[in-house]
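# Coordinates in review
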Amino acid sequence: MTHGYLSPSGLEIAFVLVGLVTLGSGLLVVTVKNLVYAALWLIVCMGSIAIEYLLLSAELLAWVQVLIYGGAIIVLFLFGLMLTRAPIGPTEELNVRNRWPAAIVGLGAAGTLVTVIVQAYQHTWFDPRDSVSLGGGQAVGAQLFKYWVLPFEVLSVLLLASLVGAIVLSRRGGANEEAEA
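Structural notes, computed from the coordinates. (Residues numbered from 1 in each chain as written. Predicted model: local features only at pLDDT ≥ 70, side-chain atom pairs only at ≥ 80, totals over all residues. Heavy atoms only, no water.)

### Regarding the packing of helix α1 (residues 10–31) against helix α2 (residues 35–55)
The criterion, for reference: An axis is simply a line fitted to the C-alpha atoms; with a helix, the fit covers only the stretch in contact. Between two such axes, the angle follows the N-to-C directions and lies from 0 to 180 degrees. Every helix listed is a DSSP run of H or I at least four residues long, and every strand listed is a run of E at least two residues long, numbered separately from the N terminus. Geometric relationships in this document are graded by angle, where less than 35 degrees denotes roughly parallel, more than 145 denotes roughly antiparallel, 65 to 115 denotes roughly perpendicular, and other angles denote oblique. Here is the rule for handedness: rotate from the far helix to the near one, and if that takes an anticlockwise turn smaller than a right angle the crossing is left-handed, while a clockwise turn gives right-handed. Contact definition: two residues touch when any of their heavy atoms are within 4.5 Å.
Running from N to C, α1 and α2 cross one another at 160°; their axes reach a closest spacing of 8 Å. One finds that α1 runs roughly antiparallel with respect to α2. Once α1 is placed against α2, the crossing between them reads as left-handed. Contacts between α1 and α2 pair L11, A14, F15, V18, G19, V21, T22, S25, G26, L28 and V29 from the former with A38, W41, L42, V44, C45, S48, I49, I51, E52 and L55 from the latter.

### Here's the deal with the side chain of T22
With respect to the helices and strands, the residue T22 is situated in helix α1. Discounting residues that sit within four places of it in the chain, T22 has contacts with C45, S48, I49 and E52.

### A look at unusual backbone geometry
Most peptide bonds are trans, and most residues other than glycine sit at a negative phi. Even without being glycine, S57 reaches a positive phi, approximately 65°. Following the sequence through the fold, S57 ends up in the loop between α2 and α3 (59–84).

So this is what it looks like as structure tokens:
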């Protein structure tokens, strides 16, 4: 059976549609002016990536995506926002003045990346169901503990440091307010 780009299956159509949701919510994460709304759009983005993993038959990765990224990281993000008393709505000092040049550079980089990927894989066909063993628990565990231990631990220390920094910043602000009162 020959496959081509002009005869997609239902799985491929669903994959593209969920990918468009991921792209749209990712764009909303970086364009929304309210940080809480950006965090909520990030939850949508992370959830749609988990759906992509499910479509690729990688259930373990989908659950990790939901539990760790969709849950813990977003909670940590919102917790950090509350502790630091960061401005949640739009503020003048956080507005970007060079929006159009940044958009042009971003679109140029995205166009270059898409062109390179399409040219690299235009004559290659693979069935996502053949890669089921790569998303299973044994394969992910072997990769994690064999090749990705150091980045995993560095990330955990970085998240712990950011949480401690948020607590220190919130405590420092509270002490100054009490001294002024």
